[in-house]
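Each chain is listed here by its residues.
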Amino acid sequence: KPIVLAMIETAEGLANLSEILNTDIDGVFIGPMDLSLALGEPCAGTNGKKTKQAIAGIAARAQQKGKIVGIYVSDRESIEYYIAK
């Protein structure tokens with residue numbers, strides 16, 4: 001069975017997260033570079049203050065709904081950090 005994940009990488013996606021999580025999708029996949037740009041932190045990715053807060057909020061809300069949470073990262077430190085979450 002395919003897994004269906006909604007990309008959360010824009011201010012609109014973040015604003016509509018509750019509605020997205022209330023569908024029958026399996027989870028969300030966070031695009032941190034685009035999300036940081038949308039939050040006014042160009043190229044900050046997972047290191048931007050607002051972006052980090054948004055990522056933590058997205059993950060917490062998705063997990064509360066029993067949804068899968070994925071995120072794009074490109075360095076070992078970030079991989080280890082998010083796996084530990």
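We now turn to the structure provided with this report.

Attention shifts here to the nonpolar core. Note on soluble globular proteins: their nonpolar side chains tend to be buried together. Counting 16 residues, the largest nonpolar core has Ile8, Leu17, Val28, Ile30, Leu35 and Ile58 as its most contacted members. Elements with a contribution of two residues or more to this core: strand E1 (5-8), helix H2 (17-21), strand E2 (27-30) and helix H4 (49-64). No other element matches the four residues that H4 contributes to this core. Among residues more than four places away in sequence, those in contact with Leu17 are Ile8, Val28, Ile58 and Arg61.

This next bit is on the pattern of salt bridges. Between side chains of opposite charge, pairing is possible as soon as their charged atoms come close. Throughout the structure, instances matching the rule amount to one salt bridge. Among the ionic pairs, Glu80 bridges to Arg76, the shortest N-O distance being 2.9 Å. In this pair, Glu80 and Arg76 both sit in helix H5 (residues 76-84), four residues apart, roughly one turn of the helix. Given the relative accessible area of 65%, Arg76 is considered exposed.

Cut-off values and rules
In this convention, every chain numbers its residues from 1, walking through the sequence in written order. Reporting in this predicted model follows two pLDDT cut-offs: at least 70 for local features of residues, and 80 or more for side-chain atom pairs to be given and counted; totals over whole chains, interfaces and linings ignore these cut-offs and use all residues. Each side-chain value is derived from all of the structure's non-hydrogen atoms; neither hydrogens nor water enter the calculation. Here, nonpolar core means buried Ala, Val, Leu, Ile, Met, Phe, Trp, Tyr and Cys residues that are tied together by side-chain atoms lying within 4.5 Å of each other. Throughout, exposure labels follow a simple rule: accessible area from a 1.4 Å probe, protein chains only, divided by the maximum for the residue type, with under 20% read as buried, over 50% as exposed, and the rest as partly exposed. A run of H or I in DSSP counts as a helix once it spans at least four residues, and a run of E counts as a strand once it spans at least two, with each numbered from the N terminus. Two residues qualify as a contact provided that any one of their heavy atoms is within 4.5 Å of a heavy atom in the partner residue. Whenever a carboxyl oxygen of Asp or Glu lies within 4 Å of a side-chain nitrogen of Lys or Arg, that contact is scored as a salt bridge.

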